[in-house]
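Now for the letters of each chain:
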Amino acid sequence: MDSAAVDKIFLAKGRPADNPLIVHLACSTDVSRVAREVPVLARELMQRFWPGPLTLVLPKQKDVPNQVTAGLDTVAVRVPNHSVALELIRLAGVPIAAPSANRSGRPSATTWQAVAEDLEDRIAGIVCGPPTCLGLESTVVDMTSTPPRVLRPGGLSIEEMHSLIPSIQPYSARPELSRESLVNSPGLKHRHYQPRASVMVLDAETLKQSDFVLNSKSRRSHYIGLTHPGNSQAFQTVLVCHDAEEYASRVFDFFRQADLSKADLVCCECVPEVGIGVALMDRLRRASHS
Ligand code: AMP
Ligand code: MG
């Protein structure tokens with residue numbers, strides 16, 4: 001792997017050097033190019049869920065550059081489920097270290113237009129294609145701990161992995177409090193997913209309260225959720241999604257559109273923390289941190 005090229009990723013994104021990158025492969029048989037050991041459970045997960053939104057943290061081969069792993073002795077690896085990404089990796093002929101294509105801290109890019117908005121003058125080119133399907137990042141699972149542990153909730157739910165690994169440890173909602181998890185997955189401590197507008201995460205009841213609506217009327221407010229807010233006139237834009245999957249797939253673009261229209265507040269309805277709802281609530285909470 002080309003460590004000078006990897007340095008350029010950090011430079012273009014303004015990404016902190018201690019936030020390691022995920023290495024992308026064209027097929028699972030390439031895993032031994034970057035991982036020195038692949039436990040049986042990891043093989044089972046790979047077989048079932050690759051290509052797909054599942055990243056496995058494994059002991060790293062020594063020739064994986066330290067910049068990729070932020071000095072850790074492990075490497076995060078996955079096979080994406082996108083024909084263009086797969087073709088690009090195949091053509092490169094090597095594993096590709098690749099983060100989301102946004103400026104660090106901003107909402108992840110889910111369209112090529114969002115990539116242009118954040119990085120146009122900082123990168124050599126953009127491969128244009130349709131918007132991403134899932135809209136949220138991959139689920140990261142640490143396969144070096146026993147039992148395996150979810151470090152970042154994402155597109156693949158823990159319920160889906162339970163059938164293969166009943167003992168898998170769910171993501172801990174306040175990982176920033178645990179010293180150990182910061183060392184294991186340093187990316188968790190950084191600011192993430194934030195639009196320029198403030199983000200508030202509210203339940204349907206609070207949204208219906210009249211004083212909240214009055215306050216929000218004096219601001220340029222936007223709303224995204226699963227139910228209609230009490231007083232839609234208080235919002236410049238109201239996006240009611242059919243289900244948590246649609247909400248997850250649209251939320252980052254919604255944040256970006258709100259910024260383009262100079263919003264100062266985005267109100268997000270909270271969702272039950274099951275399935276994709278775990279990852280969605282994680283992103284909403286992080287986006288709302290000031
Ligand atoms: P992003 O590139 O924004 O999708 O972020 C990659 C995520 O994978 C971050 O949360 C990193 O902390 C995590 N990650 C990458 N490499 C490792 C690793 N070796 N061990 C644990 N977590 C990792
Ligand atoms: Mg990212």
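Residues numbered from 1 in each chain as written. Chains lettered and ligands numbered in written order. Predicted model: local features only at pLDDT ≥ 70, side-chain atom pairs only at ≥ 80, totals over all residues. Heavy atoms only, no water.

### Structural notes on the overall build of the protein chain
- For the protein chain, the helix and strand inventory stands at 11 helices and 10 strands.
- Taking 290 residues into account, the globule formula puts the C-alpha radius of gyration at 19 Å, and the protein chain, at 19 Å, falls close to it.
- A principal-axis box enclosing the C-alpha atoms of the protein chain has dimensions of 60 × 45 × 35 Å.
- Taken across its 290 residues, the protein chain has 48% of its residues classed as buried.
- By sequence separation, contacts in the protein chain at least 24 residues apart represent 62% of the contacts at least 6 residues apart.
- As displayed, the protein chain has an accessible area near 14,100 Å², and 53% of this comes from carbon and sulfur atoms.
- Of the charged side chains in the protein chain, 31 are positive and 31 negative; the average position of the first set lies 5 Å away from that of the second. (Helix = DSSP H or I, 4+ residues; strand = E, 2+ residues; numbered from the N terminus. Rg over C-alpha atoms; globule rule 2.2 N^0.38 Å. Buried < 20%, exposed > 50% of the residue type's maximum accessible area, 1.4 Å probe, protein only. Contact = heavy atoms within 4.5 Å. Areas by Shrake-Rupley, 256 points an atom, 1.4 Å probe, with all protein chains shown as cover. Lys, Arg positive; Asp, Glu negative; His and termini not counted. Charge placed at Lys NZ, Arg CZ, Asp CG, Glu CD.)

### Observations regarding the nonpolar core
- Grouped together as the largest cluster of nonpolar side chains are 34 residues, with contacts concentrated most on Val31, Leu54, Leu56 and Met161.
- The set of elements that each furnish at least two residues to this core consists of α1 (3-13), α2 (40-49), β2 (54-59), β3 (74-78) and α6 (158-162).
- For this core, the element with the most residues is α2, which contributes four residues.
- Excluding residues that lie within four positions of it along the chain, Met161 makes contacts with Leu45, Phe49, Leu54, Thr139, Val141, Val150, Leu156 and Ile168.
- Core analysis: the next-biggest nonpolar cluster, separate from the first, contains 25 residues, Val199, Cys241, Ala258 and Ala263 among them. (Core = buried A, V, L, I, M, F, W, Y, C linked by side-chain atoms within 4.5 Å.)

### A few points about the confidence of the model for the protein chain
- Per-residue confidence for the protein chain gives a mean pLDDT of 90; residues scoring 70 or more make up 90%.
- Segment residues 175-179: pLDDT under 50, and six contacts once partners within four positions in sequence are set aside and those in other chains are kept. (pLDDT = per-residue confidence, 0-100.)

### Digging into the side chain of Arg286
- Here Arg286 is to be found in helix α11 (residues 276-288).
- Under the relative-accessibility criterion, Arg286 is labelled buried at 10%.
- A distance of 2.9 Å separates the side chain of Arg286 from the side chain of Tyr171, its partner in a polar contact. (Polar contact = N/O pair within 3.5 Å; in protein donor to acceptor, adjacent residues only side chain to side chain.)

### Describing the sheet that holds strand β9 (residues 237-240)
- Reading across the sheet, the four strands line up as β7-β10-β8-β9 and stay open at both edges, with parallel pairing between neighbours. Every interior strand has two partners, whereas the edge strands, β7 (198-202) and β9, have only one. Ignoring strand direction, the axes of neighbouring strands in this sheet form an average angle of 15°.
- Across four bridges, the pairing between strand β8 (residues 221-225) and β9 is parallel. For His222, the partnering residue across the bridge sits in β9 and is Thr237. (Pairing = 2+ DSSP bridges. Axes fitted to C-alpha atoms, helices over the stretch in contact; angles between N-to-C directions.)

### Topic: the packing of helix α10 (residues 244-260) against α11
- It is the contact of α10 with α11, at a shortest axis distance of 9 Å, that shows an interaxial angle of 25°. The pairing of α10 with α11 is recorded here as roughly parallel in orientation. In the crossing of α10 with α11, the sense of the turn from one axis to the other is left-handed. Taking contact as the criterion, the partners of Ala244, Glu245, Tyr247, Ala248, Val251, Phe252 and Phe255 in α10 are, on α11, Ile276, Leu280, Arg283, Leu284 and Ala287.
- Within the contact of α10 with α11, the residues separate by chemical class into 10 nonpolar, no polar and two charged. (Parallel < 35°, antiparallel > 145°, perpendicular 65-115°, else oblique. Left-handed = near helix turned anticlockwise from the far one by under 90°. Nonpolar A, V, L, I, M, F, W, Y, C, P; charged D, E, K, R; others polar.)

### Looking at the pairing of strand β5 (residues 139-142)
- Burial along β5 is two-sided: Thr139 and Val141 facing one way and Val140 and Asp142 facing the other are all buried.
- Where β2 lies against β5, four bridges are found, and the strand directions are parallel. Residue pairing in the sheet places Leu54 in a bridge with Thr139 of β5.
- Pairing geometry for β5 and strand β6 (residues 149-152), over three bridges, is antiparallel. Within β6, the residue paired with Asp142 across the bridge is Arg149.

### Overview of the sheet that holds strand β4 (residues 96-97)
- As summarised here, the arrangement of the six strands in space is β4-β1-β3-β2-β5-β6, forming an open sheet in which the pairing is mixed. Each of the sheet's edge strands pairs with one partner strand only, and the pair in question is β4 and β6.
- Judged from the three bridges that link them, strand β1 (residues 22-24) and β3 form a sheet pairing that is parallel. Counted as the bridge partner of Ile22 is Ala76 from β3.

### Structural notes on a nonpolar patch on the surface
- A grouping of Val84, Leu88 and Val127 is seen on the molecular surface, where their side chains present a nonpolar patch of about 250 Å² in accessible area.
- Tracing the chain through its elements places Val84 in helix α4 (residues 83-92).
- Assessed through its relative accessible area of 37%, Val84 is described here as partly exposed. (Patch = residues over 30% accessible without salt bridge, like charges linked within 9 Å, V, L, I, M, F, W, Y side chains within 5 Å. Salt bridge = Lys/Arg side-chain N within 4 Å of Asp/Glu carboxyl O.)

### What to know about the pairing of β3
- Among the five residues that make up β3, five are buried, leaving the element largely enclosed by the rest of the structure.
- Burial along β3 is two-sided: Thr74, Ala76 and Arg78 and Val75 and Val77, pointing in opposite directions, are all buried.

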